[in-house]
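So the chains spell out like this:
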Amino acid sequence: MAGLKLNHVCKVYDGKVKAVSDVCINIKDKEFVVLVGPSGCGKSTTLRMIAGLEDISSGDIFIGDRRVNLLEPKDRNIAMVFQNYALFPNMSVADNISFGLRMQGVDKEIIKEKVETIAEMLGLSDYLKAKPANLSGGQRQRVALGRAIVREPDVFLLDEPLSNLDAKLRAKMRAELSALHRKLGTTFIYVTHDQVEAMTMGDRIVVMKDGVVMQSGSPRQLFNHPANKFTAGFIGTPQMNFFDCTVSRDENGAEVDAGFVKFNLSKQQLAKLKVAVGESVKATLGIRPEHISVGESQEGFAEVLTELVSVEDLGPKSLIHLLSRIDEKEIEFTGYGSSDVYYNDGELSAYINTDLINLFDAETENTLLPEIPEYVEIGATIKNGTLYVFNGSVKLPSALESLKDGDITLRVSTEAIIPGKDFSGVVEMRENVEDGKLCFVNAQGAVLFAIGDYEDNCTFSLDLSKVVFVNGEEIVDSIPNESLIDFRFERVKEEENGKKVKKHYAVFGDARVETFFDFNTKMYRLGKKIFENQFKLGIRLNTVRPAREDEVYPTICASLEGICDFEGKKFMKLKVADTIFYMEGECEREFLVVALDFDHMAVYDTEGNLLFD
Ligand code: ADP
């Protein structure tokens, strides 16, 4: 069992076709992740790169802790299930399932037991002797699954496995696959172009378009809070209705005007709205048909006068096609009504639940109403190493000592707000989100977003490594480009293959790394006392990287003390021998093996004078 990480993975075919572009996906152990998107968006290529059937052009893929970029498919401990089953036609079901084990020479009794258990799990017990030609499509796909399960892989990769089945069988197999995932408790990555399949099966869905990840989230998140118009239109049937509109904001609120309907945003929406006070922007109003109710008046909903176009009776409800006219323009959309009502041609009232609408920027097509705002900007002041904000103050940690006195803007994300006693606020509203409760915390007039169980009158602190400091337009880089770490240079004789050889080490507290020829030569040039004196090694952002599987540079184990988020760039705060240094990137581990590029390390004396670079 294992999680999986794709780090800035790209695939370019023949130096021309960019099939996959900078894909970053973090898949948890046991998660069922669905890659979904229109044909040609790069889903299969992504899956094939994970499987090792396709080289990656750049980036890294990790399965568990292993970087697998260079590993053969057979060494990745994954199992893949394809659309076309790929069964051996002349072999029985039992032989198809056990093929891999037989090749490995596993004991016959063990094979028999495993095959029987799996056949039972998949409802194939009565067909073990049958040949694939005598099975239904669904049964063949189950045999293909059985063949994958028997290998006990860390990760299952499924590429449109249900596409060859008819609609009814597909629905049945969807449910079976979900149940199988729960039973096996293994990571599943599933590729499909069918958003219904994605919505019904995935714990998490990754929506792709033109090789780029458009959004990754739970089915609920994608349905209720699409990050962009593409995801909004792709997820959900019937499709979300889109209307051109204007969003205007002043001190008192914000108004959405789509011509045929005009309404004010709620206080909750206003707190999240990415339109500044005094601004009026062109946008797209997105309303799901589920949020337009036809016929029955609803309290608090916006009423629009429409004309009936047609009615589709779906049994429990009717999907109603409507039309509104504004300035000679006809706008068509869909809503739902009761299937018990006969709707006459002519005028009809529809009621829009404006609390559940979406707004997208007309140009970028990104949401203007995010589920969780990326950050809130807050004015603050720095004086003598202390940060004054929300009528309170905190001392700046050493990583932020480079910040100068004066006014500064803080970008505060939900991750930057943590339980604590430094500041006080009032929780005005709460919403359920994936990771808990999203609290709207009013702190001295500014509304912040915190996730957690904050009381109505609450106190909180800021995790300053997660706050982004902005001076005017410029993001202040409080991450030092170079950190100095104390070391001793040591020479020891060691036995290697029966011979005594001299080895050189840089020793940092309890940790030591072997140094190589070029660095040793530079050290020797410093004179006689190199083995007595203490030195400082200058670790720069470009001289450290996570150790690779085939690492050539010396490596050292560092503890991960935190992540500093600097808008699009993340830095790991690492510690070795009581010294903190930084490395670009992020991970969720407690310890990290770091490769040190000794060919480009600077060395200083204990006073901080540069000795060589
Ligand atoms: P999807 O699985 O989402 O339908 P693919 O991953 O198969 O998409 O393809 C993504 C893009 O890469 C498409 O534009 C496709 O034409 C291109 N592509 C896929 N395989 C190759 C290949 N072997 N050589 C060149 N281009 C390819």
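Residues numbered from 1 in each chain as written. Predicted model: local features only at pLDDT ≥ 70, side-chain atom pairs only at ≥ 80, totals over all residues. Heavy atoms only, no water.

S.K.: How should the overall build of the chain be read in this particular structure?
M.R.: Regarding its fold elements, the chain presents 10 helices and 41 strands. Referenced to the eigenvectors of the C-alpha coordinate spread, the extents of the chain come out at roughly 100 × 75 × 50 Å. Just so you have it, the chain exposes about 30400 Å², and 46% of that area is on carbon and sulfur atoms. (Helix = DSSP H or I, 4+ residues; strand = E, 2+ residues; numbered from the N terminus. Areas by Shrake-Rupley, 256 points an atom, 1.4 Å probe, with all protein chains shown as cover.)

S.K.: Can you walk me through the packing of aromatic side chains in this structure?
M.R.: The geometry of an aromatic ring pair comes down to the distance between the two centres and the angle between the two planes. Inspection of the entire model under this criterion finds 22 aromatic pairs. Both rings, one in Phe32 and one in Phe188, keep their centres 5.2 Å apart while their planes meet at 40°; by these two values the pair is tilted. Of this pair, Phe32 sits in strand S3 (residues 32–36) while Phe188 is found in strand S8 (residues 187–192), placing the two residues 156 residues apart along the sequence. Each member of the pair, Phe32 together with Phe188, is buried. In this structure an aromatic cluster arises from ring pairing among Phe487, Phe489, Phe508, Phe519, Tyr524, Phe531, Phe535, Phe598 and Phe612. We note Lys317 situated over the ring of Tyr336; from NZ or CZ to the ring centre the distance is 4.4 Å. (Phe/Tyr/Trp six-rings, centres within 6.5 Å; stacked < 30°, edge-to-face > 60°. Buried < 20%, exposed > 50% of the residue type's maximum accessible area, 1.4 Å probe, protein only. Lys NZ or Arg CZ within 6 Å of the ring centre and 35° of its normal.)

S.K.: So what exactly am I meant to see when it comes to the pairing of strand S21 (residues 376–383) here?
M.R.: Two faces make up the sheet, and in a regular strand the side chains alternate between them. Going residue by residue along S21, you find Val376, Ile378, Ala380 and Ile382 tucked away on one face and Glu377, Gly379, Thr381 and Lys383 left uncovered on the opposite face. Sheet topology places S21 next to strand S24 (residues 406–412); 7 bridges connect them, and they run antiparallel. Within the sheet, the bridge partner assigned to Ile382 lies in S24 and is Gly406. As paired strands, S21 and strand S22 (residues 386–389) are joined by 3 bridges and run antiparallel to one another. Looking across to S22, one finds that Ile382 is bridged to Leu387. What sits between S21 and S22 in their antiparallel hairpin is a turn of 2 residues, with Asn384 showing a positive phi close to 50°. (Pairing = 2+ DSSP bridges.)

S.K.: Help me understand the site of the ligand in this model?
M.R.: Taken together, Tyr13, Val17, Ala19, Pro38, Ser39, Gly40, Cys41, Gly42, Lys43, Ser44 and Thr45 are the residues near the ligand. Between the ligand and Lys43, the relevant distance is 2.9 Å, taken from an oxygen atom to a side-chain nitrogen or oxygen of the residue. Looking at the shell around the ligand, the elements that each hand over two or more residues are strand S2 (17–27) and helix H1 (43–51). In terms of residues, the shell around the ligand owes the most to one element, H1, which gives 3 residues. In the shell around the ligand, the residues fall into 5 nonpolar, 5 polar and 1 charged. (Near = heavy atom within 4 Å. Polar contact = N/O pair within 3.5 Å; in protein donor to acceptor, adjacent residues only side chain to side chain. Nonpolar A, V, L, I, M, F, W, Y, C, P; charged D, E, K, R; others polar.)

S.K.: For this particular structure, what's the right way to read unusual backbone geometry?
M.R.: As a rule of thumb, non-glycine residues mostly have phi less than zero, and peptide bonds are mostly trans rather than cis. Of the consecutive residues Thr237 and Pro238, the connecting peptide bond is found in the cis state with omega at -10°. Note that Pro238 resides in the loop between helix H8 (229–234) and strand S11 (241–249). One non-glycine residue with positive phi stands out, namely Asn391, at about 60°.

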